[in-house]
Amino acid sequence: MPQQERERQGRVITRPSNREPRKHRVIILNDDFTTFEFVIMVMMTVFQKTLAEAEEIAETTHIHQKSSVGVYPLDIARSKVAKATEMARAEKFPLRFEILPE
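Conventions used here
- Residues numbered from 1 in each chain as written.
- Predicted model: local features only at pLDDT ≥ 70, side-chain atom pairs only at ≥ 80, totals over all residues.
- Heavy atoms only, no water.
- Helix = DSSP H or I, 4+ residues; strand = E, 2+ residues; numbered from the N terminus.
- Contact = heavy atoms within 4.5 Å.
- Polar contact = N/O pair within 3.5 Å; in protein donor to acceptor, adjacent residues only side chain to side chain.
- Core = buried A, V, L, I, M, F, W, Y, C linked by side-chain atoms within 4.5 Å.
- Buried < 20%, exposed > 50% of the residue type's maximum accessible area, 1.4 Å probe, protein only.
- Phe/Tyr/Trp six-rings, centres within 6.5 Å; stacked < 30°, edge-to-face > 60°.

Now for the environment of Thr60. Within the secondary structure, Thr60 is located in helix H3 (residues 51-64). Taking the C-alpha atoms as reference, Thr60 lies 9.3 Å from Asn30; in sequence the two are 30 residues apart. For Thr60, the residues in contact, after removing those within four places along its chain, are Gln65, Lys66 and Ser67. Side-chain polar atoms of Thr60 contact the backbone oxygen of Glu56, separated by 2.9 Å.

Ranked by internal contacts, the top residues of the largest apolar core, which has 22 residues, are Val26, Ile28, Val42, Met43, Phe47, Val69 and Phe97. Listed by contribution, the elements that provide at least two residues to this core are strand E1 (23-29), helix H2 (36-45), H3, strand E2 (66-73) and helix H4 (74-90). Excluding residues that lie within four positions of it along the chain, Val42 makes contacts with Phe47, Ala84 and Met87.

This part covers the packing of aromatic side chains. Counted under the stated rule, the structure contains 3 aromatic pairs. Ring centres of Phe38 and Phe93 lie 4.9 Å apart, and the angle between their planes is 45°; on these two criteria the pair is classed as tilted. Here the residue Phe38 occupies a position in helix H2, and Phe93 occupies one in the loop between H4 and strand E3 (96-101), the gap between them amounting to 55 residues. A relative accessible area of 6% places Phe38 in the buried class. For Phe93, a relative accessible area of 17% puts it in the buried group. Between Phe47 and Phe97, the ring centres sit 5.8 Å apart and the planes meet at 40°, which makes this aromatic pair tilted. Taken together, the positions of Phe47 in the loop between H2 and H3 and Phe97 in strand E3 put the pair 50 residues apart, joining distant regions of the chain. For Phe97, a relative accessible area of 13% translates into the label buried. An aromatic cluster of at least three residues, connected via ring pairs, comprises Phe47, Tyr72 and Phe97.

Spelled out as structure tokens, the structure:
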């Protein structure tokens, strides 16, 4: 039965999408106050980065003013950014992030 005819009869059939959720990139932004040590700790505890990955992100952020942290579904990206921001504010650091669609 064509879609238009189903709609005319008052029935709309929806099918679940098998697509993965859209991914979003988390970007850390540089500032002149947050310490390397704190950024590394946040990368390791919140974003599950290895020490080497965390150091690379901190160095790239320092040099280029921002760095990619990872790509996640939107709800996970928001959750990780919220946790990292909460940790930074507790330590009085102005650490900031962006979440950008892929």
